[in-house]
Amino acid sequence: MSGRPLDVLEASLEETVTVVLKDGGEHTGVLTGYDQHMNLVLENTDAGEDTIVIRGDNVVTINP
């Protein structure tokens, strides 16, 4: 998948994604929302959380 970052996020809505963070952590869950700053909302995460919000400036990669 290639293209502009926000287009890729739009195409990945309601899909399971893995987000890699600057601190080396990873979160996998269903992408249910994002904004122009690439803040992400994941639901049904592997960490057992119902919903988490990840600040965009902590994101290294998003793998659909």
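What counts and how
- Within each chain, residues carry numbers counting from 1 in the order of the written sequence.
- Residue-level local features of this predicted model are given only where pLDDT is at least 70; pairs of side-chain atoms are given and counted only at 80 or more, and the full residue set underlies all totals for whole chains, interfaces and linings.
- Heavy atoms from the whole structure form the basis of all side-chain values; hydrogens and water molecules are not counted.
- UniProt positions are given in the numbering used here, feature names are shortened, and annotations may be inferred rather than shown by experiment.
- Secondary structure elements are defined from DSSP: runs of H or I of at least 4 residues count as helices, runs of E of at least 2 residues count as strands, and each element is numbered from the N terminus.
- Remark: exposure states derive from per-residue accessible area (1.4 Å probe, protein chains only) relative to the maximum for the residue type, with buried under 20%, exposed over 50%, and partly exposed in between.
- For two strands to pair, DSSP has to find at least two bridges joining them.
- What counts as an axis is a line fitted to C-alpha atoms, over the stretch in contact for a helix, and the angles between N-to-C directions run from 0 to 180 degrees.
- In what follows, residue pairs with any heavy atoms lying within 4.5 Å of each other are defined as contacts.

Right, let's talk about the UniProt feature "domain: Sm" (unreviewed entry) in the protein for a bit. Taking the UniProt record as the reference, the feature "domain: Sm" (unreviewed entry) is found at residues 4-64. Secondary structure within residues 4-64 divides into 13% helix and 46% strand; the distance between the first and last C-alpha atoms comes to 14 Å.

In most cases, non-glycine residues show a negative phi, while peptide bonds are predominantly trans. Phi at methionine 38 is positive, roughly 65°, even though this residue is not glycine. Inspection of the secondary structure assignment puts methionine 38 in the loop between strand E2 (26-34) and strand E3 (40-43). We classify methionine 38 as partly exposed; its relative accessible area is 27%. Its identity is not glycine, yet asparagine 44 carries a phi of approximately 50°, on the positive side. Its relative accessible area of 58% is what places asparagine 44 among the exposed residues.

What follows is about the sheet that holds E3. Strand order in this open sheet of five strands is E4-E3-E2-E1-E5, and the pairing throughout is antiparallel. If you trace the sheet from one side to the other, it starts and ends with strand E4 (51-54) and strand E5 (59-63), each paired once. Within the sheet, the average angular offset between the axes of one strand and its neighbour, ignoring direction, is 45°. As paired strands, strand E1 (residues 16-21) and E2 are joined by five bridges and run antiparallel to one another. What sits directly across from threonine 18, in E2, is threonine 28. Set on the sheet, helix H1 (residues 5-12) makes contact with E1, E2, E3 and E5; between it and E2 the angle comes to about 95°.

A one-sided burial pattern is seen for E3, the buried positions being Leu40 and Leu42 and the unburied ones Val41 and Glu43. Here four bridges tie E2 to E3, and the two strands are oriented antiparallel to one another. Bridge pairing in E3 links glycine 33 to valine 41. The loop that links E2 with its antiparallel partner E3 comprises five residues; one of these, methionine 38, has a positive phi angle of about 65°. Pairing of E3 with E4 involves four bridges; the strand directions are antiparallel. Considered in E4, the bridge of glutamate 43 is made with threonine 51.

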